[in-house]
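Geometric and topological summary
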Amino acid sequence: MLLGKLLLRNKNPSHTTTFTRRQITTMSLSKDHTKLLIPGPITLSTEVIAALGQQSVSHTCPSFTTSFKDTLKMLRQVYVAHEARGMPLVISGSGTLGFDLVGSNLINPAKDQILLLSTGFFSDEFHEAISTYYVDNSNQVTRLSAANAGDSIPLNKIESELQNKKYNLIVMTQVDTSTGVLLDIEKIAALVHKVSPDTLIAVDTVCSLGCENIQFDKWGLDICISASQKAIGAPPGLSLGMVSDRAILKSETDITSRNGSYYTSFKKWLPILEAFESGKPAYFATPPVQLIDSLRVALEQILQFSYKGQTGIEARVNKHKDTSDNFKTCITDKLGQQLVSKTLDNSAHGLTAIYVTNPPSVISYMQQHGYTITGGIHKDIKSKYVRVGHMGVSACDDSLNDISGCLSTLSDALQQQQQQQQQ
């Protein structure tokens, strides 16, 4: 709507420049806004939103330095990593930036052999990203894929591959958001250490950090990549991770700058992160101060979370598991629908992928009745299923009734479909 006009005149009275003022509109996030139940971004807590809305401060001032220091130390705890070994990663970017952190710092394309385990769309995205570091896209990158959408990869096949060839790096996705498949990283990592102990282990934890069991040090992982907007419960915009001393050593001694990247270089970022974690400000690229402070609040909430006599990340993971198992059991036993993931054991706890007859109509019905879910993206079955996210406050705060309300509404949507088919 036009609110008025400003006329600016120069020395030539015949020349007039007209500027039009337009009404500034903002996105409404009222109580009537639909409940966001996709596999990220997710609903934020009021405390995280408040931190995001603070005025900017200098990225080298004492208050931000302390906030960043606390954030890095808490990220170690969420990854269950050693308090001093390795380095937590908090860099402006998305979870996808983590693909390049692996590619530019841990791959020597002149000689390295890479084994990638694929359980869906995002595993394949990781494969594509890594392959770009090989000029001729040669057979130095081997992809070992699940037999069908929703399947895991048998340990004996991984073992056989590791025995047949020496791999410098194995790459896997703990939860592939396209299928809802959960890989058993603990067993795979143990197998790698047994069969091929020199192989570095890289794990995509974008859709698992904060809602799945991750033991960075105990399992001997070398790099995990993640993002702020999923089960961590912070806004989008931060690439998170954890890197081991073994991986850092490779980046320092076996990777040349010509093979890497300027922005994603560990040689640039690790000294900055190390300085902030020790309480000293440093500069390479300006950090997003509000995003990092909101991440700090989200991590605090995770580490203070209590459930069934436990407190911290273990409690948070167990609550996600119980919420997820109950949701999936209702989907299969009460609503009679089939999951994309084959069993509860290989099912993610932050989302559920569900086969339905007409995904667009289900999504539309849910939207009209206050719930935002999303469709499938796996190339083989994308027109056959929907995905429901249950992460962060939606999964952990039962008083919100997000998950119970979603189940009830989904039941109504499926019942409407059946009635329409019978007519």
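Look up a bit, the structure's there.
Description of the structure in this document. From a predicted model like this one, the values you see are computed outputs, not experimental measurements.

The calculated volume of the second largest pocket comes to roughly 640 Å³. What lines the second largest pocket is a set of 32 residues, among which Leu182, Leu183, Asp184, Glu212 and Asn213 lie closest to the centre. When contributions to the lining of the second largest pocket are tallied by element, the ones reaching two or more residues are α5 (155–164), α6 (185–195) and α10 (313–334). Per element, the largest residue contribution to the lining of the second largest pocket is six residues, and it comes from α10.

The next point concerns the packing of aromatic side chains. Tallied over the entire structure, the rule returns 10 aromatic pairs. An angle of 75° between the planes, with centres 5.9 Å apart, marks the rings of Phe64 and Phe276 as edge-to-face. One end of the pair, Phe64, is in helix α2 (residues 62–78); the other, Phe276, is in helix α8 (residues 266–277), and 212 residues separate them in sequence. Per residue, the accessibility class of Phe64 equals that of Phe276, and both read buried. Pairwise contacts between aromatic rings join Tyr262, Tyr263, Trp269 and Phe284 into one cluster.

Moving on, we come to empty space enclosed by the protein. Taken as a whole and judged by the stated rule, the model has one cavity of 30 Å³ or more. Within this model, the largest cavity holds a volume of roughly 60 Å³. Contributing to the lining of the largest cavity are Ile42, Thr43, Leu44, Ser45, Val48, Ile232, Gly233, Ala298, Gln301, Arg316, Gly392 and Val393. Broken down by class, the residue content of the lining of the largest cavity amounts to six nonpolar, five polar and one charged. In this structure, the lining of the largest cavity is formed jointly by two domains, domain 1 (32–44 + 313–422) and domain 2 (46–301), each of which donates at least three residues.

With antiparallel pairing, the three strands of this open sheet are ordered in space as β15-β18-β17. Whereas interior strands pair on both sides, the edge strands pair on one side only; in this sheet they are β15 (351–355) and β17 (374–375). Where β17 meets strand β18 (residues 385–389), two bridges bridge the pair, whose relative direction is antiparallel. From the neighbouring strand, Thr374 faces β18, where its bridge partner is Arg387.

For the rest of this paragraph, the subject is the pairing of β18. Counting buried positions along β18 yields five of five residues, so the element is predominantly enclosed. In the sheet, β15 pairs with β18 via five bridges, with the strands oriented antiparallel. Each residue of the ladder has a partner; that of Tyr355, found in β18, is Tyr385.

This part covers unusual backbone geometry. Here the amide bond leading from Gly40 into Pro41 is cis, since omega sits at 0°, within 30 degrees of zero. By the secondary structure assignment, Pro41 is in the loop between β3 (35–36) and α1 (46–52). Its identity is not glycine, yet Val80 carries a phi of approximately 50°, on the positive side. Topologically, Val80 is positioned in the loop between α2 and β4 (87–92). In the Ramachandran plot, Lys308 falls in the positive-phi region, its phi being about 50° despite a non-glycine side chain. With respect to the secondary-structure elements, Lys308 resides in the loop between β13 (306–307) and β14 (310–311).

About the criteria used
- Residues numbered from 1 in each chain as written.
- Predicted model: local features only at pLDDT ≥ 70, side-chain atom pairs only at ≥ 80, totals over all residues.
- Heavy atoms only, no water.
- 1 Å grid on protein atoms, 1.4 Å probe; cavity = no way out; pocket = protein on both sides within 12 Å on 5 of 7 lines; lining within 4 Å.
- Points joined across faces, edges and corners; volume = space filled by probe spheres on them.
- Helix = DSSP H or I, 4+ residues; strand = E, 2+ residues; numbered from the N terminus.
- Phe/Tyr/Trp six-rings, centres within 6.5 Å; stacked < 30°, edge-to-face > 60°.
- Buried < 20%, exposed > 50% of the residue type's maximum accessible area, 1.4 Å probe, protein only.
- Nonpolar A, V, L, I, M, F, W, Y, C, P; charged D, E, K, R; others polar.
- Domains from an automatic or database assignment.
- Pairing = 2+ DSSP bridges.

Shape is all these values report; function is a separate question.
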